[in-house]
Structure formats: structure tokens, C-alpha cells
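# Per-entry structural report
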Amino acid sequence: MTEATSSTSDGSFDEVLVRAARLADLGRPRAAIAVLESALEVDPGHPVAWCRLSAAYLDIGEARESLDAAKRAMTMGEPAWAHRLASLALVELGRHDEAVVSAGEAVRRDPDDWRGLVTLSEALAHAEPEQAVRAARAAVDRAPDEPRTHEVLGDAAMLAHDWMLAEHA
């Protein structure tokens, strides 16, 4: 067993999650993946760890692995975050219709979370830019101080050819 997985009680698993998050924040997603995979081999019942693993896989462009990890988290009770991650992975895989469904489920499960609306906007942008704008506007309404909401609104507005809104966003 590695240092990260010498014990998998909730306290030490929290330490694993913090360590993996720090590695990811330092731009070392592969190291974060190694820490998470090692811990999950010993104790696979942590949906937050599966979500962090999914996010780290997205960071390195491994959408299939990201989707697999997100699906594991979904089955364990981490539905909103897991659905957002699955949607992002599905967009990367070019499976836009499924991405919209997954993002919509994230919004349904946590309607006040701006991140779900951002993910929905990104999933819709491919085929439904006007709906993507609506989702992005809702995200801005919920989190006007979050730069990401304005960025996604601008992107969606450009795809919808709403140049004034894109510039404003």
C-alpha cells in the first residue's frame, strides 16, 4: 500500500482527496490520478473520489476514462457533480445528445448550482445555441460574480450570432 492508501477510514480518505486536489491544482493531474486510483483500489466506495478522478482524467484529455469514473460516482450517490462530469466527457467524445441529457439531469438534481447550467450551456451549444444562451443567462443570474458564467454566456452568444450579447458578456 502507498502512503496515500495506508488507511482508508473517512479521515485518511479526506487526506487523499485533499492531496489529489492539490496535485491537480499544481497542474499534475497524472499524479492526482495515481493517488486516487491507488486509494480507490483499496476502498472503491467513495463517490467524491470517483468524481475527482473523472475530473483529473478530463484534465489530461482522457474522456472515456473520465466518463467511466463519473458513472461509478453516479451509482454511489454523487449525482449532480457526476452528471456534470459525464456531460463534459460526452461532449469531448462528440456524444452531444447524451451530454445534454446528463447536464439536464445535473440541473434537475441541483437547480441552484450555476455549474450545472454552465455545463448544460456547453452541451447545448453544438446544436441549440439559443437554448445554450438561455442556460448561460440562468447561470449568470445565479452566480453573477463567477467569471466562468460570463465566459460561457459569451461563447454561447457567439454561436447564436448575438454579437452584442457576446461582447457584453
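Residues numbered from 1 in each chain as written. Predicted model: local features only at pLDDT ≥ 70, side-chain atom pairs only at ≥ 80, totals over all residues. Heavy atoms only, no water.

## What to know about unusual backbone geometry
- The phi angle at His161 is positive, at roughly 60 degrees, despite the residue not being glycine.
- Counting through the fold element by element, His161 comes out in the loop between α9 (147–159) and α10 (163–168).
- Under the relative-accessibility criterion, His161 is labelled exposed at 57%. (Helix = DSSP H or I, 4+ residues; strand = E, 2+ residues; numbered from the N terminus. Buried < 20%, exposed > 50% of the residue type's maximum accessible area, 1.4 Å probe, protein only.)

## Some thoughts on the packing of helix α6 (residues 96–109) against helix α7 (residues 114–124)
- Interaxial distance between α6 and α7 falls to 8 Å at its minimum, and their mutual angle equals 160 degrees. Classed by the angle they form, the pair α6 and α7 counts as roughly antiparallel. In the crossing of α6 with α7, the sense of the turn from one axis to the other is left-handed. In contact with His96, Ala99, Val100, Ala103, Gly104 and Val107 of α6, α7 contributes Gly116, Leu117, Thr119, Leu120, Ala123 and Leu124. (Axes fitted to C-alpha atoms, helices over the stretch in contact; angles between N-to-C directions. Parallel < 35°, antiparallel > 145°, perpendicular 65-115°, else oblique. Left-handed = near helix turned anticlockwise from the far one by under 90°. Contact = heavy atoms within 4.5 Å.)

## Things to note about the confidence of the model for the protein chain
- In the predicted model, the protein chain carries a mean pLDDT of 92, and 93% of its residues have values of at least 70.
- Within the protein chain, the element-level pLDDT minimum falls on helix α1 (residues 10–25), averaging 86, and the maximum on α7, averaging 98.
- This model gives residues 1–9 a pLDDT under 50, and the stretch forms 15 contacts once residues within four places in sequence are excluded. (pLDDT = per-residue confidence, 0-100.)

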